[in-house]
2 protein chains.
Amino acid sequence: MAPNARASLNTRRRFLAPFAGQAVNPPPIWLMRQAGRYLPEYRATRDEAGSFLALCYRPELAAEVTLQPIRRYGFDAAILFADILIVPDALGQEVRFETGEGPRLDPITDEMALSRLEPSGTEAKFGLICETVQRLRQDLPEETALIGFCGAPWTVATYMVGGRGSPDQADARAWAYRDPDGFQKLIDILVEVSIDYLSGQVKAGADALQIFDSWAGSLPDNEFARWVIDPTRHMVDALKARHPGVPIIGFPRGAGASTAEFVTATGVEGVSCDTSMPLCAMRELAELDIVVQGNLDPLLLVAGGDALDRRIDETLAAMKGRRHIFNLGHGIVPQTPPENVARLVERIRSVA
Amino acid sequence: MAPNARASLNTRRRFLAPFAGQAVNPPPIWLMRQAGRYLPEYRATRDEAGSFLALCYRPELAAEVTLQPIRRYGFDAAILFADILIVPDALGQEVRFETGEGPRLDPITDEMALSRLEPSGTEAKFGLICETVQRLRQDLPEETALIGFCGAPWTVATYMVGGRGSPDQADARAWAYRDPDGFQKLIDILVEVSIDYLSGQVKAGADALQIFDSWAGSLPDNEFARWVIDPTRHMVDALKARHPGVPIIGFPRGAGASTAEFVTATGVEGVSCDTSMPLCAMRELAELDIVVQGNLDPLLLVAGGDALDRRIDETLAAMKGRRHIFNLGHGIVPQTPPENVARLVERIRSVA
């Protein structure tokens, strides 16, 4: 389809080839949260940084942890080490990570409180993240693509409104019902700064982008259209206009039966599927002329053994000939044995 | 289809008519967790019982809280007041509810620990639940159907293995990967006792059954087939053999794109859809010659107002002419204003 579809697979085009219309066998592979606590070298660097957010904001250390899994496993893509809550933090809604707890923010629960946010003041913190991207572009092997990312406005909003993670995102959903116009203003702010943030990552050297909508699955269809699809489409439109040819992957986790609608309505070039998406449905999504990413169960990567091998083989067989990128259905969990990740990569690359 | 499709809608056949092949307009309505903390009269009865489980095991009080929402709102069906963890509790794995916390059990994490369970000792506790059903059958208005229920083996197992609720059901999923044959033994025990439990409820007077699989959505397709579909099909087969004509509703929450497969493979006569199922997908499910239940967002019932009215109307319009039972996508939340429930029922019954 695109002119680079036949580009050499020895460059980072291997990861990019599916976006140019080319199925690659074996498929390119990277894993969500591939830089993380399951790796001893990550834990050492994080200790050096002192805190999780400090690690995100120190480009030399953030680049180092991004590179660690590439050195170990030779993934086809690296993903910038950062967090989806960089955006609220940069907007002035300070994010704290306490030991053993998830993130904590002083909640913003109505339109009045939006005045606490400073959309014009994000430059310093976004600049540190983009410096990490620049370093990575220099330090990564030539064959490794670099993925930039941010959280989707809806998912980021659930943390900003709730002040923490929650199983049902009730606070954000309640505001959206109570005062949709006010909530829209928060979403609009997030759309705008996220476009600038991702655009900065591309200018700094990112080859592709992923938008993480971890809590897309809690919404009924009409709310999904307004808070998941519309903001994502606005971001995709603006980023395509600024950076034509840089593919964007959506990850509407839990979207289930709404995933095809998400793909066609947002214009993403790729969709990442969570673990619950059946392989037959992933095959159908691939018919939409997009790249499909996923969707091994992270807990199977903990378990390892024959069950892991069998599921890898099933996934490869199901997606063979499709524009598939191998990934997990969600992030690697900390208790994952690093040798199981090596086994996964070896298996994928040995099965043709 | 069935001979009673034309039965009078003034009896409890109004709820049962869709299962006999008849679309009813306006649709029958009941709400998951319609007996619960949002009602002051429920809180008073619960305080009298002393604890949540004590309330489940006192037939006169459990029947009373089951009847409370019927008196207020005249729902077309009552659902037995009990809990999905009655089954492990009756099996000898004691369940504790601490104030402000969810349930707590001493976890069963391997096959050895299954010896702690006593499948032959469930009679006393199941008997108390069935006594509630008998009382309800006597005390309910003639036009109100009575739904019995239990948790699905997979979902109940996640609590038995994890010892509590968890966002990712990691402990049960890990056991299922580590030792599928051992985990199968736990599932088999749950299938057998759940069949007896539900059969007892039918003998005591239940008109229909619902199987709640709240955590069906965390599994990849092959595990979903083994731990969600297979056990449910075994239960449906056995219950249909013992009690032909008693409809069974499955609620595989989060099953998303696997829901149609769940319906056709298990043989359930109805499926309850969670909030994330788009209305167009609910219409498609109705084409499978089943009853479709759902799926209003419980948080919209908290918000109320015009947004609630609009969504009720959209749902009714989308499902008109289908075999639809109006319900929520998940249980009523405690902060729901009782007057919003009245508004919902009135709206549904006034829109033709």
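Residues numbered from 1 in each chain as written. Chains lettered and ligands numbered in written order. Predicted model: local features only at pLDDT ≥ 70, side-chain atom pairs only at ≥ 80, totals over all residues.

This part covers the overall build of chain A. In terms of regular secondary structure, chain A is built from 15 helices and 9 strands. A compact globule built from 352 residues would reach a C-alpha radius of gyration of about 20 Å, and chain A, at 19 Å, matches this within 12%. Based on the C-alpha atoms only, the size of chain A along its principal axes is roughly 55 × 45 × 40 Å. Sequence-distant contacts, at least 24 apart, represent 73% of the contacts inside chain A between residues at least 6 apart. (Helix = DSSP H or I, 4+ residues; strand = E, 2+ residues; numbered from the N terminus. Rg over C-alpha atoms; globule rule 2.2 N^0.38 Å. Contact = placed C-beta atoms within 7 Å.)

Taken together, the contact pairs 27 residues of chain B with 27 residues of chain A. It is helix α8 (residues 170-178) of chain B that provides the largest number of residues to the side of chain B that touches chain A, a total of 5 residues. Of the residues contributing to the side of chain B that touches chain A, the split by class is 16 nonpolar, 7 polar and 4 charged. (Nonpolar A, V, L, I, M, F, W, Y, C, P; charged D, E, K, R; others polar.)

Next up on the list: the nonpolar core. A general tendency of soluble globular proteins is for nonpolar side chains to be buried together. Ranked by size, the top nonpolar core spans 234 residues in total, and within it V87 and L209 of chain A together with V87 and L209 of chain B carry the most contacts. Contact partners of V87 of chain A, with chain neighbours within four places excluded, come to C150, G151, V156, L190, V193, S194 and Y197 of chain A. (Core = buried A, V, L, I, M, F, W, Y, C linked by C-beta atoms within 7 Å. Buried ≥ 20, exposed ≤ 12 C-beta atoms within 10 Å, placed from the backbone.)

Now for the sheet that holds strand β1 (residues 77-79) of chain A. Residue and element names in this part refer to chain A. As summarised here, the arrangement of the 7 strands in space is β1-β4-β5-β6-β7-β8-β9, forming an open sheet in which the pairing is parallel. If you trace the sheet from one side to the other, it starts and ends with β1 and β9 (324-328), each paired once. Each adjacent strand pair in this sheet contributes to an overall mean axis angle of 25°, direction not counted. Pairing between strand β8 (residues 291-296) and β9: 5 bridges, direction parallel. By the bridge assignment for β9, G294 is matched with F326. (Pairing = 2+ DSSP bridges. Axes fitted to C-alpha atoms, helices over the stretch in contact; angles between N-to-C directions.)

Residue and element names in this part refer to chain A. One can describe the packing of helix α7 (residues 153-162) onto helix α9 (residues 180-204) by two numbers: an axis separation of 9 Å at closest approach and a directional angle of 120°. With respect to each other, α7 and α9 are oriented oblique. Remark: the crossing between α7 and α9 carries right-handed chirality. Taken together, the residues of α9 that come into contact with α7 (itself represented by P153, V156 and A157) are L186, I187, L190, V191 and S194. (Parallel < 35°, antiparallel > 145°, perpendicular 65-115°, else oblique. Left-handed = near helix turned anticlockwise from the far one by under 90°.)

It is worth spelling out the relation of the copies chain B and chain A at this point. The transformation that overlays chain B on chain A combines an axial shift of 0.0 Å with a rotation of 180°, and the residual RMSD is 0.0 Å. Both copies of the chain, as the preceding transformation shows, are related through a two-fold rotation axis. Taken as a fraction of all interface residues of chain B, those also at the interface in chain A reach 100%, which identifies the copy contact as same-surface. (Least-squares fit on C-alpha atoms with pLDDT ≥ 70 in both.)

The next subject is the packing of α9 of chain A against helix α10 (residues 221-242) of chain A. All names here are of chain A. Packing of α9 against α10 brings their axes to within 10 Å, and their N-to-C directions diverge by 35°. Helix-helix and strand crossings are classified by hand; for α9 and α10 the assignment is right-handed. Mapping the contact onto sequence places I187, V191, S194, I195, L198 and S199 in α9 and W227, P231, H234, M235, A238, L239 and R242 in α10. Class assignment of the residues belonging to the contact of α9 with α10 gives a composition of 9 nonpolar, 3 polar and 1 charged.

For the rest of this paragraph, the subject is the pairing of β9 of chain A. Counting buried positions along β9 of chain A yields 5 of 5 residues, so the element is predominantly enclosed. Of the two faces of β9 of chain A, both are covered, the one formed by H324, F326 and L328 of chain A as well as the one formed by I325 and N327 of chain A.

Consider a sheet: its strands pair through backbone hydrogen bonds, and that pairing is either parallel or antiparallel. All names here are of chain B. Spatially, 7 strands are ordered β1-β4-β5-β6-β7-β8-β9 in an open sheet, and the strand pairing comes out parallel. Since the sheet does not close on itself, it has two edges, and those belong to β1 (77-79) and β9 (324-328), each with one partner. Each strand of the sheet is rotated relative to its neighbour by a mean of 25°, with strand direction disregarded. With 5 bridges connecting them, strand β4 (residues 145-151) and strand β5 (residues 208-213) associate as parallel partners. Bridging across to β5, G148 finds its partner in L209. Packing of helix α12 (residues 279-286) onto the sheet brings it into contact with β7 (270-272), β8 (291-296) and β9, and relative to β8 it is tilted by some 165°.

On to unusual backbone geometry. For the peptide bond that leads from G294 of chain A to N295 of chain A, omega is -15°, which places it in the cis range. In the Ramachandran plot, R33 of chain A falls in the positive-phi region, its phi being about 60° despite a non-glycine side chain. In this structure R33 of chain A comes out as partly exposed when scored by C-beta crowding, with 18 C-beta atoms within 10 Å. Within the chain, D289 of chain B stands out as a residue other than glycine whose phi angle is a positive 65°.

All names here are of chain B. Position of A78 relative to the elements: it lies in strand β1. Since 28 C-beta atoms lie within 10 Å of it, A78 is described here as buried. In this structure the C-alpha to C-alpha distance between A78 and R322, which are 244 residues apart in sequence, comes to 22 Å. With sequence-adjacent residues up to four places away left out, A78 is seen in contact with T66, L67, I70, L136, L140, T144, L146 and I147.

Glancing now at the pairing of strand β5 (residues 208-213) of chain A. In summary, the side chains of a regular strand alternate between the two faces of the sheet. Residue and element names in this part refer to chain A. Within β5, 6 of the 6 residues are buried, which leaves the element mostly enclosed by the surrounding structure. Neither face of β5 is open: one carries A208, Q210 and F212, the other L209, I211 and D213, and all of them are buried. By the bridge criterion, 5 bridges tie β5 to strand β6 (residues 248-252) in an arrangement that is parallel. In the strand pairing of β6, D213 is matched with P252. The β-α-β motif built from β5, the intervening α10 and the parallel element β6 has right-handed crossover chirality. (Right-handed = clockwise from strand over helix to strand, strands pointing away.)

Quick look at α12 of chain B now. Along α12 of chain B, the residues that are buried comprise A281, M282, L285 and A286 of chain B. The arc that holds the buried residues of α12 of chain B, viewed along the axis, is 150°, so those residues lie on one side. (Arc of directions from axis to C-beta.)

The next point concerns the environment of G100 of chain A. Mapped onto the fold, G100 of chain A is located in the loop between β2 (95-97) and β3 (103-105). Sequence separation between G100 of chain A and E142 of chain A is 42 residues; the distance between their C-alpha atoms is 37 Å.

Here the focus is helix α9 (residues 180-204) of chain B. Turn by turn, an α-helix covers 3.6 residues, leaving residues three or four places apart pointing in a common direction. Residue and element names in this part refer to chain B. The end-to-end C-alpha distance of α9 is 35 Å, a good match for the 36 Å that 25 residues give at a rise of 1.5 Å each. For α9, the set of buried residues is F183, L186, I187, L190, V193, S194, Y197, L198, S199, Q201, V202 and A204. One or two residues past the end of α9 sits G205, with phi positive at roughly 130°. (Expected span 1.5 Å × (residues − 1).)

On to the confidence of the model for chain A. All names here are of chain A. Scored by pLDDT, chain A comes out at a mean of 95, with 97% of its residues at no less than 70. Here residues 1-8 scores under 50 on pLDDT; set against residues more than four positions off or in separate chains, the count is 13 contacts. Taken together, the chains of this predicted complex give a pTM of 0.95 and an interface ipTM of 0.93. (pLDDT = per-residue confidence, 0-100.)

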